[in-house]
Structures are given as structure tokens and as C-alpha cells.
Amino acid sequence: MLCKNLAAAVLVFLFSFQISAKEGMWIPLLLEKYNLAEMQAMGFKLSARDIYDVNHASMKDAVVIFGGGCTGELISDEGLLITNHHCGYSAIQSHSSVEHDYLTNGFWAMNRSEELSNEKLTVSFLEYMKDVTDKVLEGTDGLDENALREKIWANSKSVQKEAEQEGKFSASVKPLFYGNQYFLYVYKVYRDVRLVGAPPSAIGKFGGDTDNWMWPRHTGDFSLFRIYADKNNEPADYSEDNVPYQPKKFFPVSLKGIQPGDFTMVFGNPGTTMEYWPHQAVDITMNQRDPDRILLRDKKLEIIGADMESDPAIRIQYAAKYAGISNAWKKWQGEIKGLERLDAVNKKLAYENNFRNWAEQNGSWESTYQPVFDTFEKQFEVYQKYIKASDYYAEVVFRGVEIFRAAQSVSSIINFIENKQEEMANARRTATVETMAGFYKNFNQPTDEKLFATLIPMLVEGLPDEFIPAAVKEMAAKYKGQELIEKVYRKSVLSDRGKLEKLLRDGSGKQLVKLRHDPLVSLYSQIDYINQTIVNPKVNDAMAAIDAGMKTYMAGLMEMNAGKAFYPDANLTLRVAYGKVEGYEPVDGVKYKYYTTLTGIMEKDNPEIYDYDVPDRLKELYENKDFGRYEVDGTVPVCFTASNHTTGGNSGSPVVNASGELIGVNFDRCWEGTMSDIMYDPRVCRNISLDIRYALFIIDKFAGAGYLLDEMEIVK
Ligand code: ARG
Ligand code: GLU
């Protein structure tokens, strides 16, 4: 489906213009080669080695992967770390109870002994990264696709193993540019990380899901932790004898503030992007995957939201789930709009057309690239068909109606019993019973029933027959609404917690196997069966073929643009994004400023709306103009926007100025620019950061935990 015309050629021209100074998530090791000159021209005052150096302390020693998918940075030589409130959320929540509701009221340790330990929380420091392409590709010449994959896997494993030095480090080998290069990342993982401070949600999550992804923004999205080590400064399990970790490097905190046009750099761990994917991928994302998932989530949010509104207990039960569903739902909407605005599919087509012309001219089209483009055409068609089923299953069955999680457990217990794996069956029985309390704590059956009655018909109508088991189709044709709930959901033993628990504890194997015919278990296992035997394998095979094609295509793109700097798609490893402090123009006639202030928080104040209920203490500080040294023009700066290319995983990343001082903490992107995971637009793609001065103001003035500032290096 390649279009060849003049309009396309013009688009290529425009597209290449888009790759502006600020697009890109760059490899710290290669800054000197590709970026430093430009960074310095934009105002950066330091060297590449100040950012990344293995032999001397550099900024990279002050940046960590926080937990599973955020970034955090050190701000004192005693292990003090700052990240987002939403990154520390589950740690904060786990310490919260009705008596000590830290989510609502905030938490501040007033000395070291009050800091709270967090069982599973870790932070990972990057020791070094290294190009290991030669080792990973050793002995792979001439192998067919499957053998190649296995050899690469085995080689990577052995590189990792060697780097891990018997458990001293954790290592991973990751492909860059779709396997044209491989990098080794070696981390030291600290396991004793304690909660030091968190503002109340009315500050740390101010504006909630309504303001999420939006500008102007007023969220104080930060929390503080401290890393502890053994007496040799090495990782250790939690112990009272542990001492604060002494980092090789920490960020000085700047009170100097920001001006439009100032150089900014974000140094963190972006998760996933797909900037080089062909037009088919963009088309499927914006015209199928995003809309499908938005449609299903519209309903979920409507149902859960209404129940949350009706009962404060339900609001607490579903707060985190609602935030999770809403976060991606809102991002996808921005993404579609952005891709439409950019005419992204046609831009990609034009780009591919240009590529084809180049390949035809140098004689490599027919032999090398035409087969790849044919693969894309064919495999994306397969992918499109099966990913639809996969998305529906995920949204409705695997991560939608929650009772299916119980169905999953029961169904796997039955499988173990039928396969005579008694030990496994018993282990799963015990585990299921043990997790039940946690599950039901945040579960409201009437809400889940409504989800069931709404989402099951959507699944049946949304997918072609081949993806819907006949019995499920029949059931959906026969019963609707309340009847569907009564004849299916409530007929199931899963809807009776007491009965289910008793069966799991005391029931015989035979009794459990009988549950095969339980309406919810049977519904679940039939869908799961199609997923495992048809949908998943098809999606995986198509993706493997596409990935293999991407390797060739990517190499071609780099050859065609020899001399141009390319950045690899994000893969949750340390990257540098750089840009400027700047606002933007979201639509014709509107111009956004680059910063917000405490005044805006007072303007948004509304005690009637949970997300906008400004704490009294903050109002008091505002009314008394008690801003201390954080005051600027009679108010306090809160958030700012800049043109750094970021994505999920960059939450909590340090935002630094030209001198490498901390001016902010990254926590979001502007809605109009959320398509930047697929296509970047320098006009509207902005990252949103918390102004570090607001964090200091909250710690010092609001919480009275000013003692924490004593260990920071504050630059005036
Ligand atoms: N949009 C940000 C991110 O992608 C913040 C999400 C947390 N906040 C929320 N209101 N749900 O993670
Ligand atoms: N809030 C996102 C995160 O948790 C960062 C926003 C983005 O996607 O850029 O990583």
C-alpha cells in the first residue's frame, strides 16, 4: 500500500523537519558523539562526562530506577531520594490505615527513626552500560529465524551471567534499534528503602484524574524516600543496623528558578516508544487499538465512577483501580487526536515511499527491503485481526470483570488436579485462599456485577464469532442485564465468598473438578483456551516476523540517513532528553504560559470536589503570604512545562538546568503531545515537571519538616 505522489514527497520534507533539536531519548554513553555540541549550543554548561562516566562520579550515580517502573534521584549525601507521589503511592498506601491515613493526611518522618521500611521496594543504580553486540551475535551467521533467536538468547544469558558476578549485580542485555545493536546494563540493587515524606493526596494528587495529562497543572507530585545500606555502603536487606547510603553523587537543588528558553535536561528511564514503526502500526494503534480500549474503558469508568460517587467506602476500594484505568484511557484519547492532527499515517507512508526510492536507486529494494515491506503488509494484517481479540479479552476478561481472577485460580487448580499434579494444586489452593482477603478488601460485588452485565455483551458484539465460544454467544443472546447477572454471575459459586473459601480449603479434588461446569469458571476457561491456543500464538508469531523485519528496515533507515544521529526506541534504561523551558499553543488562539503557581491552586479550590479540596494549612499559608524564600512575585511556583521528549517511566526523573542543578521532578506530559511515543511534534510536545521550589515549600512550610533541607545542597 505504498503511495507515490508529489504530496507525499512534500510530507517527507515536513516530516524530516519534525526531527528537531528536542526530539529524542539519547544514550548517555554516546552524548559526546551525537549530542553534546547541540546541548552546549542550547546552553548546557557541563561536559558529557559530568552526565555519564564510569570512572568518576557523574550524574548517572544520582539517578535510580525506582521500584518497577519509575525514576528517582538522590538529593543528599545521606541517601535522601525524591520521586513522584504517584510512584510512591503503593508504599504510602501500604502504611495507611483508618487511624493513620497517610494517603489523605500525608506522612512526614520527623527523624530517622520514624522512617518507614517497605518490604518489596528496591532502587537500582546503573553501574555501567556497554555495547555487547559482537558477543550477542557471535555464532549467529546463517542461522534460520528460530535458531537465531535461541542463539541470541543464550549468548545474552551468558553475557548477563558474567556481568552479575555471582549475584553482586543485576544485569540485563537489551536490543537497541530492533537488534542492530545490543547493550548490557549492569545495576546495583538496594533493598532497604524507607519512606521519609509524602504530602497529602490533596497536594500530591491535586486535580486527580480530571487534571491528569493536562496543562495548566497544579499537582505537587512528589514523595521522599531514603536508601539504606550495610556498613560498607553495600545493598542489604532491611535491618536496624543499616545506615543511610552514601551516594557517589547527588543533585544540588536550585532555588534560582527558571526562565523561558532555559536549557533543561531530563535524565531518567523512559519505558516504551515506537518511533520507527511503519504506517500499518500507526494505523492500527490510532484506528483500532486505542478506540477499542477507550470504548470499553468508557463503560468501566462510568460504572465504577458512579459507584464511587455513591459511597465513600467504594471510593476508597476503587481509587487506585480507577486511576489506573483512567490514566491510559485519557492518554489514548490524546494520542489519537495528536496522530490525526499530524496526519501520521500519511506522513509515515510518505517516509516509507521516500525510503523505497532510495533503496531502488541503490539497487537494494528488491533483494533486501521489498521482502520486508511485504512481510509488514502481510503480518500486520494478521496482527490487526488477532490483537483486537487480545485487547477485548484483556479489557473484559483478564483485567476487566474482577471475578474472573477467582475463575482463573480455580481453573488452574482444576488443571493441576486433572494432570495429577497434586502438590501444585494444593499450593495454588493455599495461595488462592491466602490472597482472598486482599482481593475482597477492594472488591464490591454489585459493582463487578454491573461490569459483567455491560462488558460481556460488548465482547460478544465487538468480536467476530470465531473468538467467542458458542456457549458464551448463546448465553449473551438469551440473557441481558439483570438477568445475565442472576442466571450467570450469581449462579456461580465464585459469587459466594464463603462457599468458595470452604471449597478451596476442605473440598475434595472431585468437588473442585466439578467446578469446570460452574458458569463463570467455564466462561473464563473457554475464552482463555482460545486465547492461549489461537490468539496469543498468532500475535506472537506476527510480532516476531515484524520485529525481524524491523531490524532490516531500521538498518536501512540508518544507512539512508548516514551521519544523522538516531536514538533507539525507549526500553526502560537510562536516557537523556534535552530541550527548553517553554509553553505552547494547544489550539488556534490559545497560548499557554510555561508555569503555574499557588494562586492557581486557590482558584481551583472546591471543597465539594474531592480532587480539588485544598488543605486548610495550605490556604492559611497562602492567606498569610507565608512563602518564605520560595516566593516569586507574591506567590509560589508550582509546575512548569518544557520541551523534553519523555514517556511513561520518566515519572520522577530529575529535571536539571544548564549547570546540572535540580530544578524540577518530571511527572507527566501535556495531553496534546501524548502521541510523542509514536510521533513527536516540537510545537506541542511538552513534559510537565513539579517545580522543585514547590516541593521545598511543602516540606519546609507546609509540613514543618525543614530539617530535611539541612542535608540538601541548596543553590541560591
Ligand atoms: N499521567 C501520569 C502518568 O502517566 C500520572 C498518573 C498518575 N496520576 C493520576 N491521576 N492517575 O503516569
Ligand atoms: N506519569 C508518567 C509515568 O508514570 C509519565 C508521563 C508520561 O508518560 O510522559 O511515568
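Calculation criteria
- Residues numbered from 1 in each chain as written.
- Chains lettered and ligands numbered in written order.
- Predicted model: local features only at pLDDT ≥ 70, side-chain atom pairs only at ≥ 80, totals over all residues.
- Heavy atoms only, no water.
- Phe/Tyr/Trp six-rings, centres within 6.5 Å; stacked < 30°, edge-to-face > 60°.
- Helix = DSSP H or I, 4+ residues; strand = E, 2+ residues; numbered from the N terminus.
- Salt bridge = Lys/Arg side-chain N within 4 Å of Asp/Glu carboxyl O.
- Buried < 20%, exposed > 50% of the residue type's maximum accessible area, 1.4 Å probe, protein only.
- 1 Å grid on protein atoms, 1.4 Å probe; cavity = no way out; pocket = protein on both sides within 12 Å on 5 of 7 lines; lining within 4 Å.
- Points joined across faces, edges and corners; volume = space filled by probe spheres on them.
- Nonpolar A, V, L, I, M, F, W, Y, C, P; charged D, E, K, R; others polar.
- Near = heavy atom within 4 Å.
- Polar contact = N/O pair within 3.5 Å; in protein donor to acceptor, adjacent residues only side chain to side chain.
- Areas by Shrake-Rupley, 256 points an atom, 1.4 Å probe, with all protein chains shown as cover.
- Sits in = over half its atoms within 2 Å of the grid points.
- Arc of directions from axis to C-beta.
- Contact = heavy atoms within 4.5 Å.
- Axes fitted to C-alpha atoms, helices over the stretch in contact; angles between N-to-C directions.
- Parallel < 35°, antiparallel > 145°, perpendicular 65-115°, else oblique.

(A) Quick look at the packing of aromatic side chains. Tallying each qualifying case throughout the model produces 39 aromatic pairs. Between Phe 355 and Tyr 369 the ring centres are 4.9 Å apart and the planes differ by 80°, which places this aromatic pair in the edge-to-face class. Linking Phe 355 in helix H13 (residues 344-361) with Tyr 369 in helix H14 (residues 365-398), this pair joins segments that are 14 residues apart in sequence. Measuring from centroid to centroid gives 6.3 Å for Phe 627 and Phe 697, while their planes differ by 65°, and the two rings are edge-to-face.

(B) Structural view of the pattern of salt bridges. In this structure the tally under the stated criterion is 42 salt bridges. With a closest N to O distance of 3.0 Å, Arg 683 and Asp 681 form a salt bridge. Its relative accessible area of 3% is what places Asp 681 among the buried residues. Within this structure, Glu 78, Arg 112, Glu 115, Arg 226 and Glu 711 form a network of salt bridges that share partners.

(C) Here's a closer look at the layout of surface pockets. Here the largest pocket is characterised by a volume of approximately 1500 Å³. If you go around the largest pocket, you meet 41 residues; those closest to its centre are Met 308, Arg 315, Ile 316, Ala 319 and Tyr 610. Those elements that place two or more of their residues in the lining of the largest pocket are helix H5 (85-94), helix H6 (102-105), helix H9 (201-204), helix H10 (208-211), helix H11 (279-310) and helix H12 (312-342). Among the elements that take part in the lining of the largest pocket, H12 stands out by supplying eleven residues, more than any other. Looking at the lining of the largest pocket, its residues break down into 18 nonpolar, 13 polar and ten charged. When its volume is computed, the second largest pocket comes out at roughly 1200 Å³. Lining the second largest pocket are 44 residues, and of these Trp 213, Asn 327, Ala 328, Lys 331 and Gly 648 lie nearest its centre. At the level of secondary structure, the elements contributing two or more residues to the lining of the second largest pocket comprise H5, H10, H11, H12, H14 and strand S18 (662-669). For the lining of the second largest pocket, the leading source of residues is H12, giving eight residues.

(D) Spotlight on the site of ligand 1. Near ligand 1 the following residues occur: His 86, Gly 208, Asp 209, Asn 212, Trp 213, Ala 323, Asn 327, Phe 667 and Asp 668. Between a nitrogen atom of ligand 1 and a side-chain N or O atom of Asn 212, the distance comes to 2.7 Å. With respect to ligand 1, the side chain of Asp 668 contributes an N or O atom lying 2.9 Å from a nitrogen atom. Burial of ligand 1 by the surrounding chains reaches 86%, relative to a free accessible area of 340 Å². Because more than half of its atoms lie within 2 Å of the grid, ligand 1 is assigned to the second largest pocket. Every element with two or more residues in the shell around ligand 1 is listed here: H10, H12 and S18. Tallied by class, residues from the shell around ligand 1 come to three nonpolar, four polar and two charged.

(E) Expanded view of the site of ligand 2. Taken together, the neighbourhood of ligand 2 is formed by His 86, Trp 213, Thr 646, Thr 647, Gly 648, Gly 649, Asn 650, Ser 651, Phe 667, Asp 668 and Arg 669. In the model, an oxygen atom of ligand 2 is placed 2.6 Å from a nitrogen or oxygen of the Gly 649 main chain. The protein chains hide 88% of the 300 Å² of surface that ligand 2 would expose on its own. In terms of residues, the shell around ligand 2 owes the most to one element, S18, which gives three residues. Here the shell around ligand 2 is built from residues that sort into two nonpolar, seven polar and two charged.

(F) Looking closely at helix H24 (residues 616-623). Residues of H24 that are buried include every one of Leu 618, Lys 619, Leu 621 and Tyr 622, and no others. For H24, the arc enclosing every buried residue in end-on projection is 160°, short of the 170-degree limit, so these residues lie on one face. In H24, the exposed positions that point more than 90 degrees away from the buried face belong to Asp 616 and Glu 623. Lining the buried residues of H24 we find H9, helix H23 (598-604) and helix H25 (692-702). Downstream of H24 by one or two residues, Lys 625 has phi in the positive range, about 50°.

(G) Structural view of the packing of H13 against helix H22 (residues 519-560). Relative orientation of the contacting elements H13 and H22 amounts to 75°, with a least axis distance of 11 Å. One finds that H13 runs roughly perpendicular with respect to H22. Across the interface between the two elements, Tyr 351, Glu 352, Asn 354, Phe 355 and Trp 358 from H13 touch Tyr 553, Gly 556, Leu 557, Glu 559 and Met 560 from H22. Among the residues forming the contact of H13 with H22, the class breakdown is six nonpolar, two polar and two charged.

(H) Molecular detail of empty space enclosed by the protein. Considering all chains together, one arrives at two cavities of 30 Å³ or more under this definition. Reported here for the second largest cavity is a volume of approximately 30 Å³. Every residue lining the second largest cavity is listed: Met 25, Val 266, Gly 268, Pro 270, Arg 575, Val 576, Ala 577, His 645 and Asn 650. Every element with two or more residues in the lining of the second largest cavity is listed here: strand S13 (263-268) and strand S14 (575-580). Per-element tally for the lining of the second largest cavity: the top contributor is S14, with three residues. Of the residues assigned to the lining of the second largest cavity, the class counts are five nonpolar, three polar and one charged.

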